2 protein chains.
Amino acid sequence: MALTSEATTVWTGDLKSGTGNVTLDSSTAAEFPVTWQARAVGTPNTTNPEELLGAAHSACFSMALANGLSAAGHVPDSIQTTAAITFEAGVGVVGSHLLVSAKIPGLTEEEFVAFAEDAKANCPISKALAGIPITIEAELA
Amino acid sequence: MALTSEATTVWTGDLKSGTGNVTLDSSTAAEFPVTWQARAVGTPNTTNPEELLGAAHSACFSMALANGLSAAGHVPDSIQTTAAITFEAGVGVVGSHLLVSAKIPGLTEEEFVAFAEDAKANCPISKALAGIPITIEAELA
């Protein structure tokens, strides 16, 4: 079974002085402004495509890790994943770095890292992101 | 110059009964809940990785199109881009479909579609998404 989820950006004006508004259409969970300024140098309260991609990647990775751990009998107390996505103007999206900290009863650090590496390789958003390098640091909290 | 943007997911529990919370850390523009249920069948007010990826792709594509048009002297009145991302459990992210409607003074439909095809091929998020097919329908409003 397949589910299609939609989000919309409405943009007015040119790239550098224009502005956009992003809505999560399928869930109606949120909407937020987006600008080039936020993408190139960072602006409080205004998002950019890389931050949104980081949200997608951190959520997908966390689900994949929770699934892998639970299937092996290690239901996680908590998994915290930060995805840090770097954008370079004129170059593009340079990479996604996953920083993972988790509370998992009864696992060694080495066992945990193996689960995290597997989730990094196989989560659906990682696979979609075949055009950029993905790196990871994972540790038990 | 490069900018790194961060977003974080905190997940508790297993995949199917667990829950997550996503925060846009760099901008602090929004936070929202995420669940497997929202990803597999859709849930109001709860997002999923594909909807967030759609937000990233629609924003990036809109910026790239605004830039291409403006550089050629056709500053857009407005560009509306919906990214529809399909997820199939057990398969992964199947593709991103961009649906674009724009108000651009003085362009023919054919000229506009050429700009849209260029933005689809060259926007940085499209390039990062090398692992999935990207399709587009674009028309002047």
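Not measured: the values here are computed from a predicted model.

Now for helix α2 (residues 49-71) of chain B. All names here are of chain B. The first and last C-alpha atoms of α2 sit 33 Å apart over 23 residues, in line with the 33 Å expected at 1.5 Å per residue. Most of α2 is tucked away, with 19 of its 23 residues classed as buried. One side-chain oxygen of the residue at the start of α2 lies 3.0 Å from the amide nitrogen of glutamate 50, identifying that residue as asparagine 48. Immediately beyond the C-terminal end of α2, within one or two residues, lies glycine 73, with a positive phi of roughly 90 degrees.

Scanning the model with the defined rule gives 3 aromatic pairs over all chains in all. For the ring pair A:Phe32 and B:Phe32, a centre distance of 6.4 Å and an interplane angle of 40 degrees mean the geometry is tilted. Residue A:Phe32 is found in strand β3 (residues 31-34), and its partner B:Phe32 is found in strand β3 (residues 31-34); the two belong to separate chains. Here A:Phe32 and B:Phe32 have matching classes, each one buried. Look at A:Trp36 and A:Phe87: their rings are 5.9 Å apart centre to centre, the planes differ by 85 degrees, and that puts the pair in the edge-to-face class. Residue A:Trp36 is found in helix α1 (residues 36-40), and its partner A:Phe87 is found in strand β4 (residues 78-88); the two are separated by 51 residues along the sequence. By relative accessible area, A:Trp36 is classed as buried at 16%.

Glancing now at the state of the cysteines. All names here are of chain A. Within this structure, the stated rule accounts for 0 disulfides over all chains. Free of any disulfide, cysteine 123 has its nearest neighbouring cysteine sulfur in cysteine 60, separated by 3.3 Å. With relative accessibility at 0%, the residue cysteine 123 sits in the buried group.

All names here are of chain A. Taken domain by domain, chain A consists of domain 1 (7-40) and domain 2 (49-140). Just the C-alpha atoms count here: the centres of domain 1 and domain 2 sit 26 Å apart. Counting residues at the interface gives 4 residues for domain 1 and 5 residues for domain 2. With both chains or domains summed, domain 1 and domain 2 bury close to 450 Å², and 77% of this area falls on carbon and sulfur atoms. The tally of links from domain 1 across to domain 2 stands at 1 salt bridge. Between arginine 39 and glutamate 50 there is a salt bridge, with its nearest N and O atoms 2.9 Å apart. On inspection of domain 1 and its partner domain 2, the count reaches 1 residue pair in polar contact (both at pLDDT 80 or more). Elements with a minimum of two residues in the side of domain 1 that touches domain 2: β3 and α1. For the side of domain 1 that touches domain 2, the class distribution of residues is 3 nonpolar, no polar and 1 charged.

Residue A:Thr28 is not a glycine yet carries a positive backbone phi of 55 degrees. For B:Asn45, which is not a glycine, the phi torsion comes out positive at approximately 70 degrees. Position of B:Asn45 among the secondary structure elements: in the loop between α1 (36-40) and α2.

Let us now look at the layout of surface pockets. Computed from the structure, the largest pocket encloses a volume of approximately 420 Å³. Around the largest pocket, the lining is made up of 26 residues, and of these A:Ala64, A:Asn67, A:Asn122, A:Cys123 and A:Pro124 lie nearest the centre. Among the elements that make up the lining of the largest pocket, the one with the highest residue count is helix α2 (residues 49-71) of chain A (6 residues). Classifying every residue of the lining of the largest pocket gives 16 nonpolar, 6 polar and 4 charged. Taken as a whole, the second largest pocket spans an internal volume of roughly 340 Å³. In terms of lining, the second largest pocket is formed by 21 residues, of which the most central are B:Ala64, B:Asn67, B:Asn122, B:Cys123 and B:Pro124. Of all the secondary-structure elements, those providing two or more residues to the lining of the second largest pocket are α1 and β4 of chain A together with α2, α3 (109-122) and α4 (124-128) of chain B. The element contributing the most residues to the lining of the second largest pocket is α2(B), with 5 residues. Considering only residue class, the lining of the second largest pocket consists of 12 nonpolar, 5 polar and 4 charged.

A few words now on the relation of the copies chain A and chain B. Once chain A is rotated about the relating axis by 180 degrees and shifted along it by 0.0 Å, it coincides with chain B to within an RMSD of 0.0 Å. Taken together, the rotation and translation describe the operation of a two-fold axis. When the interface residues of chain A are mapped onto chain B, 100% of them again lie at the interface, so the same face is used by both copies.

Here is what the cut-offs are and how they apply
Residues numbered from 1 in each chain as written. Chains lettered and ligands numbered in written order. Predicted model: local features only at pLDDT ≥ 70, side-chain atom pairs only at ≥ 80, totals over all residues. Heavy atoms only, no water. Helix = DSSP H or I, 4+ residues; strand = E, 2+ residues; numbered from the N terminus. Expected span 1.5 Å × (residues − 1). Buried < 20%, exposed > 50% of the residue type's maximum accessible area, 1.4 Å probe, protein only. Polar contact = N/O pair within 3.5 Å; in protein donor to acceptor, adjacent residues only side chain to side chain. Phe/Tyr/Trp six-rings, centres within 6.5 Å; stacked < 30°, edge-to-face > 60°. Disulfide = S-S within 2.5 Å. Domains from an automatic or database assignment. Contact = heavy atoms within 4.5 Å. Buried area = accessible area lost by both parts, 1.4 Å probe. Salt bridge = Lys/Arg side-chain N within 4 Å of Asp/Glu carboxyl O. Nonpolar A, V, L, I, M, F, W, Y, C, P; charged D, E, K, R; others polar. 1 Å grid on protein atoms, 1.4 Å probe; cavity = no way out; pocket = protein on both sides within 12 Å on 5 of 7 lines; lining within 4 Å. Points joined across faces, edges and corners; volume = space filled by probe spheres on them. Least-squares fit on C-alpha atoms with pLDDT ≥ 70 in both.

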